[in-house]
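# Descriptive analysis of the structure
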Amino acid sequence: MIAIIKYNAGNVQSVQYALHRIGATAVVTDDFDIIRKADKVIFPGVGHAQSAMQYLREKGLDQLLLSLQQPVLGICLGLQLMCKHSEEGNTDCLGIFDTDVKLFSSAELKVPQIGWNNIYGYKSVLFNGLSEQAFMYTVHSYYAALCNETVATTDYIVPFSAALQKDNFYAVQFHPEKSGTAGETILKNFIQIP
């Protein structure tokens with residue numbers, strides 16, 4: 001059973017539909033018992049880091065997330081909230097990954113970045129069977145800086161973490177649920193992690 005964490009950051013439905021397309025069933029929930037008992041947990045998000053972290057803390061979901069032992073996948077804002085600190089609202093985050101989230105700064109290129117970006121330098125089972133330089137769909141103004149836990153890289157203005165992994169925690173900046181067959185491959189790989 002897959003639990004998609006329900007909190008005040010959007011995008012849970014598109015993740016649920018993507019899982020359904022690959023034959024997986026998922027429940028969108030903020031029920032602690034269901035989340036703890038789930039085989040896999042997905043922590044998606046589109047929204048503002050400060051308000052999302054405030055909600056997680058108020059509901060105790062921050063401590064629940066940190067206590068999980070099964071594979072957990074953060075997506076987009078989910079990845080950013082799993083880092084130490086975000087410049088968005090000067091927000092202290094969950095601190096799972098030892099890196100900070102920074103605002104893109106460019107006089108030439110548009111922020112937010114919206115569109116397709118190739119990823120490379122895979123170092124995780126998430127990317128099994130995926131061709132190098134696969135294209136993924138992204139929508140974001142903030143990025144996680146490269147660090148020891150970076151397991152895939154991409155470039156926009158600067159090189160940054162396309163994916164992070166530490167122990168049972170996995171995270172991707174892009175949207176696998178909107179990235180066609182390449183994204184479906186990543187979701188399938190996540191589901192198959194023991």
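The structure under discussion appears in the preceding block.
What counts and what doesn't
- Throughout this description, residue numbers start from 1 for each chain and increase along the sequence as written.
- Reporting of local features is limited, given that this is a predicted model, to residues whose pLDDT is at least 70; pairs of side-chain atoms are given and counted only at 80 or more, and all residues count toward the totals for whole chains, interfaces and linings.
- Values shown for side chains rest on all heavy atoms present in the structure; no hydrogens or waters enter the calculation.
- Strand pairing is assigned whenever DSSP identifies at least 2 bridges connecting the two strands.
- Note on conventions: DSSP H or I runs of at least 4 residues are helices, E runs of at least 2 residues are strands, and numbering of each starts at the N terminus.
- Here an axis means a line fitted to C-alpha atoms, over the contact stretch when the element is a helix, while the angle between two N-to-C directions is reported on a 0 to 180 degree scale.
- Between two residues, a contact is recorded if the distance between any of their heavy atoms is within 4.5 Å.
- Under the scheme applied here, a residue whose accessible area is under 20% of the maximum for its type counts as buried, over 50% as exposed, and between as partly exposed, the area being computed with a 1.4 Å probe on protein chains only.

Once that is clear, we can look at the sheet that holds strand β2 (residues 26-29). The mixed open sheet is built from seven strands, whose spatial order is β2-β1-β3-β4-β13-β12-β11. Of all strands in the sheet, those with a lone pairing partner are β2 and β11 (150-156), marking the two edges. For this sheet the average axis-to-axis angle between neighbouring strands, irrespective of direction, equals 25 degrees. Across four bridges, the pairing between strand β12 (residues 158-166) and strand β13 (residues 169-172) is antiparallel. Bridge pairing in β13 places A163 opposite V172. Contacting β1 (2-5), β2, β3 (40-43) and β4 (72-75), helix α1 (residues 12-21) runs over the sheet at an angle of about 160 degrees to β1. Against the sheet, helix α6 (residues 180-191) touches β1, β3, β4 and β13, its axis set at about 140 degrees to β3.

Across the junction of V111 and P112, the peptide omega takes the value 10 degrees, indicating a cis bond. One non-glycine residue, Q133, lies in positive phi territory at about 70 degrees. Among the secondary structure elements, Q133 is positioned in the loop between β8 (113-118) and β9 (135-140). We note that D167 has phi near 55 degrees; this positive angle belongs to a residue other than glycine. Mapped onto the elements of the fold, D167 is located in the loop between β12 and β13. Residue D167 is classed as exposed on the basis of its relative accessible area, which comes to 61%.

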